[in-house]
Amino acid sequence: MSARRISDRVFWVGALDWDRRLFDSLVPLPDGTTYNAYVIRGSQATALIDTVDPTMTHVLQENLTSLDVGKLDYIICNHAEQDHSGSLPDIMARFPSAKVVCTPRCAELLSLLLHVPSDRLVTVQDGETLSLGDLTLEFIHAPWVHWPETMLTYLREESTLFPCDLFGSHLAASELSALESPQLGEAIKRYYAEIMMPFARNIAKHLERLGNYEIARICPSHGPIYDRPEYVLALYREWVLAEPKNLATIAYVTMHGSTRMLTDHLVAALIARGVGVERFDLVGVDIGRLAMSLVDAATVLIGTPTVLAGPHPSAVYAAHLVNALRPKAKFVGVYGSYGWGTRADEQLAAQLTNLRPQVLDSVLVKGMPRSEDYAALDRLADTIASKHAEAGLKSRTPESGS
Ligand code: FEO
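Criteria and cut-off values
- Residues numbered from 1 in each chain as written.
- Predicted model: local features only at pLDDT ≥ 70, side-chain atom pairs only at ≥ 80, totals over all residues.
- Heavy atoms only, no water.
- Helix = DSSP H or I, 4+ residues; strand = E, 2+ residues; numbered from the N terminus.
- Rg over C-alpha atoms; globule rule 2.2 N^0.38 Å.
- Buried < 20%, exposed > 50% of the residue type's maximum accessible area, 1.4 Å probe, protein only.
- Domains from an automatic or database assignment.
- Contact = heavy atoms within 4.5 Å.
- Buried area = accessible area lost by both parts, 1.4 Å probe.
- Pairing = 2+ DSSP bridges.
- Core = buried A, V, L, I, M, F, W, Y, C linked by side-chain atoms within 4.5 Å.
- Axes fitted to C-alpha atoms, helices over the stretch in contact; angles between N-to-C directions.
- Parallel < 35°, antiparallel > 145°, perpendicular 65-115°, else oblique.
- Left-handed = near helix turned anticlockwise from the far one by under 90°.
- Nonpolar A, V, L, I, M, F, W, Y, C, P; charged D, E, K, R; others polar.
- Salt bridge = Lys/Arg side-chain N within 4 Å of Asp/Glu carboxyl O.
- Arc of directions from axis to C-beta.
- Right-handed = clockwise from strand over helix to strand, strands pointing away.

### Quick notes on the overall build of the protein
- Across its full length, the protein holds twelve helices and 23 strands.
- Against the compact-globule benchmark of 21 Å for 402 residues, the protein has a radius of gyration of 24 Å, which places it among compact chains.
- Along the first, second and third principal axes, the C-alpha atoms of the protein reach 80 × 40 × 35 Å.
- Out of the 402 residues belonging to the protein, those deemed buried represent 58%.

Shown next as structure tokens:
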């Protein structure tokens, strides 16, 4: 690999990680990922924007060599997470006069996470600028657009935004610039669902703020560059700002088949009433696909057998995930089976403290389902269909999904 030209003064020096399959020991990466870093050459000074995951430090080093970067004045650290900051110690050692530029909160985190010495750190305030001679970097603080220290960097003369994780995608691809395709759309949505959705409110404010900037190019820290920023901005506006869709996400687990029988019936009942359904067996589920479904769903239903008087651990995990990801869902419900007693529904509902949804009447069945249990599921499906209709929720379109 070697550095790649974006413009006469901006170069990509990051790393492709084709083989990585898991992030944070949690998030599946079916398409690998990239750690993007960029060199900006002004007439007076040179800056590196972000570094790469420590496993790929050698690639960044080779790319800087290939670009013949003999002196680095600034290393802009938009975000302290190690997939972007992990190479800092090595790059700082190679360029001993380079200053690390970041928010005050990021300086604290770099000291904590990487033991970066304070005399190498320069903190910048929101809106502050840094001249590279004929080029100007403007720093936009974006706290809790993911982490508390997050910063976006805007290169004024080229109308280029470097937003770090925001607008990113876990996608290793040979093309430097985005090929707008269903594969890329899904990668961006997966990334949004897993990483950004919990911060949708803050992202909404920053989408509005970014409306004040002319943006000709977006260079994120993961995935391809957007030469047509409106492509990703429109996707984010839809996911962040629009109402949820006429869609129920069903996440279930079964032990001896009763909860699967209930799931089969409920799925059919919802479809018959015009409600879209996405169904996930929690055994071996790709949590990225489940998270993507939550971006759009107005209703979340969790199906569980009862284990030791409570929900199955897989259902507990699903409820924890839903709560952590803070989707837009307005309604939640629990259904399932038990042998002699259960508190599964109240325990699952109690986990959803971040959502404040309307909790629908649960359907908990003793033993194998009978006709009256299926009738109860029909009533649940009636309720969901009428609530979606009352809220005026639309079905998904190809544009709103991916
Ligand atoms: Fe790509 Fe929050 O790190």
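More follows now that the structure is in view.
### Things to note about the domain arrangement of the protein
- Looking at the assigned domains, one finds that the protein contains domain 1 (4-241) and domain 2 (245-387).
- The centre of domain 1, based on its C-alpha atoms, is set 38 Å off from the matching centre of domain 2.
- Listed by partner, the interface residues are 13 residues for domain 1 and 16 residues for domain 2.
- Interface of domain 1 and domain 2: buried area, both sides summed, is about 1,300 Å²; carbon and sulfur atoms make up 61% of it.

### Points about the sheet that holds strand β7 (residues 38-41)
- Reading across the sheet, the seven strands line up as β1-β2-β7-β8-β9-β10-β11 and stay open at both edges, with mixed pairing between neighbours. Edge positions in the open sheet fall to β1 (4-5) and β11 (121-123), since each of these has one partner strand only.
- In the sheet, strand β9 (residues 74-76) pairs with strand β10 (residues 99-102) via three bridges, with the strands oriented parallel. Paired with Tyr 74 across the two strands is Lys 99, which belongs to β10.

### Remarks on the nonpolar core
- Residues Leu 161, Phe 167, Ile 188, Tyr 192, Met 196, Ile 203 and Tyr 236 are the most contacted members of the largest nonpolar core, which totals 59 residues.
- Secondary structure elements with two or more residues in this core: β14 (151-155), α5 (182-196), α6 (200-210), α7 (230-241), α9 (287-296), β19 (297-307), α10 (313-325) and β21 (331-338).
- Aside from chain neighbours lying at most four places away, what touches Tyr 236 is Leu 166, Phe 167, Gly 168, Ile 188, Tyr 192, Met 196, Ile 203, Leu 207 and Leu 241.
- Residues Ala 15, Leu 64, Ala 98 and Leu 110 belong to the second largest nonpolar core, which totals 33 residues.

### Quick notes on unusual backbone geometry
- Backbone geometry places Arg 326, a non-glycine residue, at a positive phi of 50°.
- With respect to the helices and strands, the residue Arg 326 is situated in the loop between α10 and β21.
- For Arg 326, a relative accessible area of 42% gives the class partly exposed.

### Quick notes on the packing of α9 against α10
- Following both chains from N to C, one finds α9 and α10 inclined at 50°, their axes separated by 11 Å at the closest point. The pairing of α9 with α10 is recorded here as oblique in orientation. Here α9 and α10 pass one another in a crossing that is right-handed. Of the residues in α10, those in contact with Ile 287, Leu 290, Ala 291 and Leu 294 of α9 are Tyr 317, Leu 321, Val 322 and Leu 325.
- Split by residue class, the contact of α9 with α10 holds eight nonpolar, no polar and no charged.

### Structural notes on the pattern of salt bridges
- A complete count under the given rule lists 24 salt bridges for this structure.
- Residue Glu 194 is joined to Arg 190 by a salt bridge in which the shortest nitrogen-to-oxygen separation is 3.8 Å. Taken together, the positions of Glu 194 and Arg 190, both in helix α5 and four residues apart, correspond to about one turn of that helix.
- Glu 278 serves as the salt-bridge partner of Arg 396, at 2.4 Å between the closest nitrogen and oxygen. Here Glu 278 lies in strand β18 (residues 276-281) and Arg 396 lies in the segment after α12 (371-390), a separation of 118 residues in the sequence.

### Looking at the side chain of Thr 34
- If you trace the backbone, Thr 34 turns up in strand β6 (residues 33-35).
- With a relative accessible area of 3%, Thr 34 lands in the buried category.
- Contacts of Thr 34, omitting those with residues within four sequence positions, involve Ala 15, Leu 16, Asp 17, Leu 171, Ala 172, Ser 221, His 222 and Gly 223.

### Here's the deal with helix α4 (residues 104-114)
- Within α4, the full set of buried residues consists of Cys 106, Ala 107, Leu 109, Leu 110 and Leu 114. The buried residues of α4 occupy an angular sector of 165° when the element is viewed end-on, so they sit on one face.
- Tucked into the core, α4 has its buried residues touching α2 (82-85), α3 (88-94), β10 and β11.
- Where α4 terminates, the next one or two residues include His 115, which has phi positive at roughly 55°.

### Comments concerning the pairing of β18
- The pairing of strand β17 (residues 245-252) with β18 spans six bridges and is classified as parallel. Paired with Leu 247 across the bridge in β18 is Gly 276.
- Handedness of the β-α-β unit built from β17, helix α8 (residues 258-272) and β18 comes out right-handed.

### A look at the sheet that holds strand β13 (residues 136-141)
- Spatially, the five strands line up as an open sheet ordered β12-β13-β14-β15-β16, and their pairing is mixed. Each of the sheet's edge strands pairs with one partner strand only, and the pair in question is β12 (129-131) and β16 (217-218).
- Here β12 runs beside β13; their pairing, made up of three bridges, is antiparallel. Bridging from a neighbouring strand, Ser 131 pairs with Thr 136 of β13.
- Running over the sheet, α6 touches β13, β14 and β15 (160-162) and is turned about 150° from β13.

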